[in-house]
Amino acid sequence: MQANALDRYQTGESLIHHLDPRVKVVVTVLFILSNVLLPDGAWLAFALAWGLILLTSGLADLGLAYALKRSFVALPFALAAVTVVFNLPGEPLFAWKLGPWHLVATDTGVIRFASIVIRTWLSVQMAILLTATTRFPDLMHALQHLRVPQLLVAIISFMYRYLFVITDEAMRLMRAREARSARSASGAGGGSVAWGARVTGNMVGQLFLRSYERSDRVYNAMLARGYNGQFLTINPHVMSASDWTIGAGAVAILVLLQAVGRMAVL
Amino acid sequence: MHYVSHTYYLSEIAENPALHIPDGFLSLPIALLCWVLAIILLTITVRRTQNTLGERQIPLMGVLAAFIFAAQMINFPVAGGTSGHLLGGALAAIVLGPWAGMLVMASVIAVQALLFQDGGLLVMGANILNMGLLTVLVGYGLYRGVAGQSRSVRLVVAGVAAWLSVMAGALATSLQLWLSGTSALRIVVPTMLGVHAAIGIGEALITVAALAFILRTRPDLLEAKGETRGGFGWVIVGLIVALAVVTLAPLASVNPDGLERVAIDAGFIERGTGATYEVFPDYTIPLLGETALSTILAGVVGALVVGVLIVIVVNLLRRPVTATSETGS
């Protein structure tokens, strides 16, 4: 596999790319927080929040639809919220008989459902932009500066480095299984579910052993290169004046967004 | 060839496991409460592991976190076009020990959220709690209870523990969704538990098969890590969480009104969802909770847990004997 097949970073030299990763992480989290805090049915504020996403993607030279195209990952989960349509007191919109159940959709229910889906959809888009404009090691440095425990950051950094290697190994196992398994045209495989699970379990066990042994080699190779438990960086990540300005500007916009959201509902 | 397998593989990643809560689905108080719980547990974990694990363990845990991520991609077809795959909490806990297991699972969930937007950032605390911490507590606690037993007993308990760990995660997820005012209790609990009762079977089968494979090829990896294994307190914690799952799951499925009343009395619903949210009106969806499915499910859960408890209690009673015989040999 190509090393960058999993990585979502889009190389660029834009304003957003050069922003300090701490600013990007904090603003992204605050943006998501702001979405959660906006009241149900604050359509104008939701639209403005999407405008902020478009502005960010424009400034990042990604093209306006970049985040939109990738933002549908979280939508299947919306099913978990569908029930709220029938479950809040309010003006009945339509009733629906389904076997023994009598479902009544209310206006407050529909508004809450739409708001939940929009909040999720906006939040996912901003997180996509964060990953697309920030190298993963920079993201890790940001987390370290933001007081995430060093041990956890170190493990996640290692995980990221070996993600590609180990998923490659997993793909090789799956390819080997495919090559040795017949499959009918309908796509149905032979054998029972328990048998399929046992084969899969053997593959998982095999993958574990290979990973375990590889981690030994990794450690020895790192010792040979002077590893003493510390990670060094040649990028010191110093907050510049423009980082502070852009960060403060973004926070101000989010505060404004909250004001708009609350006024629109009142 | 290369490209064919490549697209196949990316589509595997796109398949979203049902437990990764995205941002926007939990109310702020619930999301923050989960973060606080997750941070407390992780802080204890980091403190403990810094004492017991050297810098040598960092590459090991990082690579094994990548292993869990990759292992979740390996799937097998189940009926109806769906596929079974591993979540890995119980397996990680059993193979790595509870502390390392929790760190590894938290890392996996962090990378899934940061890199793939699989699960939200503000709700990451909840996702770490549900899929990383609860699964490890249940999985390890039950398995630790039968540590000295024969191979087959350990494997059976590992399977039950894996199944229960998935149920624990699903139950916690649905309770958080309910308390956030995102889902109706009487629908989300039976649906989530029903779906995950099936997913959990896949989890149990894969966990048992993987463990059996490791026991056959490298048994030393599962035996020789005394100090990172953790003491007997884990069994108690695991049993408490498991018992909470098996008592709450049928209660929430069969008698959601009772659970709702408790939550209202405790002030949870108002706090979790704000003043606009009122008690669910009775006319909406009556009695989904009393379907045959949830009753059967409750029965199955009960039977399984009683079985595991018997094994563990028998083991506890026999423990001094095995301990002396081990030191004797």
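Remember, it's a predicted structure, so these values are computed and weren't measured experimentally.

Analysis parameters
- Residue indices begin from 1 for each chain and proceed along its sequence in written order.
- The lettering of chains begins at A and the numbering of ligands begins at 1, in the order of writing.
- Local features are withheld for residues below a pLDDT of 70 in this predicted model, meaning they are given only at 70 or higher, and side-chain atom pairs are given and counted only at 80 or more; totals for whole chains, interfaces and linings count all residues.
- The basis for the side-chain values is all heavy atoms of the structure; hydrogens and waters are excluded.
- By definition, any uninterrupted DSSP run of H or I lasting at least four residues is a helix, any uninterrupted run of E lasting at least two residues is a strand, and each is numbered from the N terminus.
- Areas reported here follow the Shrake-Rupley algorithm with a probe of radius 1.4 Å; residue values treat only the protein chains shown as occluding.
- Between buried and exposed lies partly exposed: a residue is buried under 20% and exposed over 50% of the maximum accessible area for its type, with that area taken using a 1.4 Å probe on protein chains only.
- Two residues qualify as a contact provided that any one of their heavy atoms is within 4.5 Å of a heavy atom in the partner residue.
- Helix axes are fitted to C-alpha atoms over the stretch in contact, other axes to C-alpha atoms as well, and angles between N-to-C directions run from 0 to 180 degrees.
- Orientation labels follow simple angle bins: below 35 degrees gives roughly parallel, above 145 gives roughly antiparallel, 65 to 115 gives roughly perpendicular, and whatever is left gives oblique.
- Here a crossing is called left-handed whenever its near helix is offset anticlockwise from the far helix by less than a right angle, and right-handed whenever the offset is clockwise.
- Gly is put with the polar residues, along with every residue not named as nonpolar or charged; the nonpolar set is Ala, Val, Leu, Ile, Met, Phe, Trp, Tyr, Cys and Pro, and the charged set is Asp, Glu, Lys and Arg.
- Patches draw on residues past 30% relative accessible area with no salt bridge. Two like charges within 9 Å are joined, as are two nonpolar side chains (Val, Leu, Ile, Met, Phe, Trp, Tyr) within 5 Å.
- Salt bridge, as used here, is a side-chain nitrogen of Lys or Arg placed within 4 Å of a carboxyl oxygen of Asp or Glu.
- The term buried area refers to how much accessible surface (probe radius 1.4 Å) is lost by two components on association, counted for both of them together.
- Contacts described as polar in this section are N or O atom pairs within 3.5 Å, which, within protein, must combine one atom able to donate a hydrogen with one able to accept it, while residues neighboring in sequence count only if both atoms come from side chains.
- Stacked, edge-to-face and tilted are the three classes for Phe, Tyr and Trp ring pairs, Trp counted by its six-membered ring, which pair at centre distances within 6.5 Å; planes under 30 degrees apart are stacked, over 60 edge-to-face, the rest tilted.
- We count a charge as sitting over a ring when the NZ of a lysine or the CZ of an arginine lies within 6 Å of the ring centre and within 35 degrees of the ring normal.
- For every residue, the predictor reports its confidence as pLDDT, a number between 0 and 100.

(A) Looking closely at the overall build of chain A. If you tally the helices and strands in chain A, you get nine helices and two strands. Its helices and strands taken in sequence order, chain A reads α-α-α-α-β-β-α-α-α-α-α from the N to the C terminus. With an accessible surface of roughly 13000 Å², chain A has 64% of that area assigned to carbon and sulfur atoms.

(B) Spotlight on the environment of Asn 127 of chain B. Residues and elements named next belong to chain B. Inspection of the secondary structure puts Asn 127 in helix H6 (residues 124–145). Among the residues examined, Asn 127 registers a relative accessible area of 1% and is labelled buried. In sequence terms Asn 127 and Cys 34 are 93 residues apart; their C-alpha atoms lie 8.5 Å from each other. Residues in contact with Asn 127, not counting those within four places in the same chain, are Leu 19, His 20, Ile 21, Ile 109, Gly 119, Gly 120 and Gly 132.

(C) Structural detail: the packing of helix H8 (residues 193–224) of chain A against helix H8 (residues 185–217) of chain B. Remark: H8 of chain A packs on H8 of chain B, axes separated minimally by 7 Å, with the N-to-C direction vectors making an angle of 50 degrees. Here H8 of chain A lies oblique to H8 of chain B, going by the angle between them. At the point where H8 of chain A passes H8 of chain B, the crossing takes the right-handed sense. Residues Ala 194, Ala 197, Arg 198, Thr 200, Gly 201, Asn 202, Val 204, Gly 205, Gln 206, Phe 208 and Leu 209 of chain A of H8 of chain A form the contact with H8 of chain B, whose own contacting residues are Leu 205, Ile 206, Ala 209, Ala 210, Phe 213, Ile 214, Arg 216 and Thr 217 of chain B. Grouping the amino acids of the contact of H8 of chain A with H8 of chain B by side-chain chemistry returns 11 nonpolar, six polar and two charged.

(D) Examining the packing of helix H7 (residues 150–180) of chain A against helix H3 (residues 57–71) of chain B more closely. Following both chains from N to C, one finds H7 of chain A and H3 of chain B inclined at 50 degrees, their axes separated by 6 Å at the closest point. Here H3 of chain B runs oblique to H7 of chain A, going by the angle between their axes. Both H7 of chain A and H3 of chain B take part in a crossing whose hand is right-handed. Residues Leu 151, Ala 154, Ile 155, Phe 158, Met 159, Tyr 162, Leu 163, Ile 166, Thr 167 and Ala 170 of chain A of H7 of chain A touch H3 of chain B, and the partners they reach there are Ile 58, Pro 59, Met 61, Gly 62, Val 63, Ala 65, Ala 66, Phe 67, Phe 69 and Ala 70 of chain B. Here the contact of H7 of chain A with H3 of chain B is composed, by residue class, of 18 nonpolar, two polar and no charged.

(E) Local environment of a nonpolar patch on the surface. Where nonpolar side chains cluster on the molecular surface, the patch consists of Val 26, Leu 30, Leu 146, Val 251 and Val 255 of chain A and spans about 350 Å² of accessible area. Secondary-structure assignment places Leu 146 of chain A in the loop between helix H6 (136–145) and H7.

(F) View of the interface of chain A and chain B. With 86 residues of chain A at the interface, the matching set in chain B holds 86 residues. Taken together, the two surfaces of chain A and chain B that pack against each other cover about 8000 Å², and 76% of this comes from carbon and sulfur. Counting the surface chain A buries against chain B, the share from its top three residues, Phe 77, Met 159 and Phe 208 of chain A, is 9%. Summed over the shared surface of chain A and chain B, the number is one salt bridge. A salt bridge links Arg 218 of chain B to Glu 213 of chain A, with the nearest nitrogen and oxygen atoms 3.1 Å apart. Remark: the boundary between chain A and chain B carries six residue pairs in polar contact (both at pLDDT 80 or more).

(G) Expanded view of unusual backbone geometry. Residue and element names in this part refer to chain A. Positive phi, normally seen in glycine, also occurs at Asp 61, with a value near 60 degrees. Among the structural elements, Asp 61 can be located in the loop between helix H3 (43–59) and helix H4 (66–70). Taking the relative accessible area as the measure of exposure, Asp 61 reaches 63% and is therefore exposed. One non-glycine residue, Arg 147, lies in the positive phi region at around 70 degrees. Along the chain, the position of Arg 147 falls in the loop between H6 and H7. A relative accessible area of 75% means that Arg 147 is categorised as exposed.

(H) Focus on the packing of aromatic side chains. Taken as a whole, this structure holds 10 aromatic pairs over all chains when the rule is applied. Ring centres 6.3 Å apart and planes at 15 degrees place the aromatic pair Phe 158 of chain A and Tyr 162 of chain A in the stacked group. Taken together, the residues span about one helical turn, with Phe 158 of chain A and Tyr 162 of chain A both in helix H7 at a distance of four residues. Assigned by exposure class, Phe 158 of chain A and Tyr 162 of chain A land together as buried. Ring geometry for Tyr 140 of chain B and Trp 234 of chain B: centres 5.9 Å apart, planes at 90 degrees, overall edge-to-face. In this pair, Tyr 140 of chain B sits in helix H6 while Trp 234 of chain B sits in helix H11 (residues 233–254), placing the two residues 94 residues apart along the sequence. Trp 234 of chain B sits in the buried class, given a relative accessible area of 10%. An aromatic cluster is built from Phe 136, Tyr 160 and Phe 164 of chain A, whose rings are joined through pairwise contacts. Seen from the ring of Phe 158 of chain A, Arg 161 of chain A lies directly overhead, with NZ or CZ sitting 5.9 Å from the centre.

(I) Highlighting the pattern of salt bridges. Residues and elements named next belong to chain A. Inspection of every chain in the model, using the stated rule, returns nine salt bridges over all chains. The partner of Glu 169 in a salt bridge is Arg 172, and the shortest N-O contact between them spans 3.1 Å. Here Arg 172 and Glu 169 lie together in helix H7, a separation of three residues that amounts to about one turn. The exposure class of Glu 169 is buried, given its relative accessible area of 7%. The network of salt bridges with shared partners includes Asp 168, Glu 169, Arg 172, Arg 210 and Arg 214.

(J) Structural detail: the confidence of the model for chain B. All names here are of chain B. Taken residue by residue, chain B gives an average pLDDT of 75. The fraction at 70 or more is 67%. The weakest mean pLDDT in chain B belongs to helix H1 (residues 2–14) at 37; the strongest belongs to H6 at 92. Residue range residues 1–16 is modelled with pLDDT below 50. Its contacts to residues more than four positions away, or to other chains, number 31 contacts. Across residues 320–329, where pLDDT falls below 50, the model places zero contacts with residues more than four positions away in sequence or in other chains.

(K) Region of interest: the side chain of Thr 200 of chain A. Note that Thr 200 of chain A resides in helix H8. The residues touching Thr 200 of chain A, leaving out its near neighbours within four places in the chain, are Arg 177 of chain A together with Ile 74, Asn 75, Phe 76 and Ile 206 of chain B.

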